[in-house]
Each structure stands twice: as structure tokens, then as C-alpha cells.
Amino acid sequence: MASNRLSLLQSRRSPSDSAVKQILLAMNEKDPFIIEDLDEYHLVIKADEEYRVRRELDAELEKNTYSLEASQ
């Protein structure tokens, strides 16, 4: 396989990596990008989708982040 076609997405987020992985799996159902699910923390994805996936994941995580400003 050509290395420019694959990207390894490793979850380094806290507190719940399993929650991040579930979000990624749900995102994959709408617009497939996962090539292989390696283990609890690693996914092989299409390299040309990495930027989009990271951007969408960050946006999704931001929606689920508690903010003191929002609660006041």
C-alpha cells in the first residue's frame, strides 16, 4: 500500500477515548473514511480525508464541551 493513501488516526483525547471513537464511527456512517479499525485507540483512515475528519471531530467535541459562559 502506498503510504500517501493511508493515515493512522490515533486518539489522544481525554477523558473518554471510547466516546471519541464512537463519534468517529458515527461520522463514518454518513461519509465513509475508515479503512480499518485496528484497536481501541487506532483507526486507519483515508489520508485525503484526515483534515476533514479532524475538523469535524473538533467541531463535534466543541458542541459537547461544557462552558461556564454558556451556563450563566
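Residues numbered from 1 in each chain as written. Predicted model: local features only at pLDDT ≥ 70, side-chain atom pairs only at ≥ 80, totals over all residues. Heavy atoms only, no water.

Asks: Can you walk me through the pattern of salt bridges in this structure?
Replies: Any two side chains of opposite charge can pair, given that their charged atoms come close. As enumerated under the stated definition, the model contains six salt bridges in all. R52 is the salt-bridge partner of E49, the closest N and O atoms lying 2.5 Å from each other. As far as burial versus exposure is concerned, E49 and R52 are alike and both buried. Overlapping salt bridges bring together D31, E49, R52 and E56 as one network. (Salt bridge = Lys/Arg side-chain N within 4 Å of Asp/Glu carboxyl O. Buried < 20%, exposed > 50% of the residue type's maximum accessible area, 1.4 Å probe, protein only.)

Asks: Looking at this structure, how should I read the nonpolar core?
Replies: General note: in soluble globular proteins, nonpolar side chains tend to be found buried as a group. If you look at the biggest cluster of nonpolar residues, it comprises ten residues: V20, I23, L24, M27, F33, I34, L43, I45, V53 and L57. Breaking this core down by element, the ones donating at least two residues are α1 (17–30), β3 (42–46) and α2 (50–63). The biggest single contributor to this core is α1, with four residues. (Core = buried A, V, L, I, M, F, W, Y, C linked by side-chain atoms within 4.5 Å. Helix = DSSP H or I, 4+ residues; strand = E, 2+ residues; numbered from the N terminus.)

Asks: Can you walk me through the confidence of the model for the protein chain in this structure?
Replies: Interpreting fine coordinate detail is not advised for predicted regions of low pLDDT. Per-residue pLDDT for the protein chain has a mean of 78; in total, 68% of the residues score no lower than 70. Predicted confidence in the protein chain is weakest over helix α3 (residues 68–71), with a mean pLDDT of 60, and strongest over α2, with 92. (pLDDT = per-residue confidence, 0-100.)

Asks: Please explain the side chain of R52 as it appears in this structure.
Replies: Mapped onto the elements, R52 comes out in helix α2. Within the local environment of R52, its side chain forms a polar contact with the side chain of E49, the two groups lying 2.5 Å apart. Setting aside anything within four residues of it in sequence, one finds R52 in contact with D31 and F33. (Polar contact = N/O pair within 3.5 Å; in protein donor to acceptor, adjacent residues only side chain to side chain. Contact = heavy atoms within 4.5 Å.)

Asks: Can you walk me through the environment of V53 in this structure?
Replies: Among the secondary structure elements, V53 is positioned in helix α2. On a C-alpha basis, the gap between V53 and L24 in space is 8.1 Å, while along the polypeptide they are 29 residues apart.

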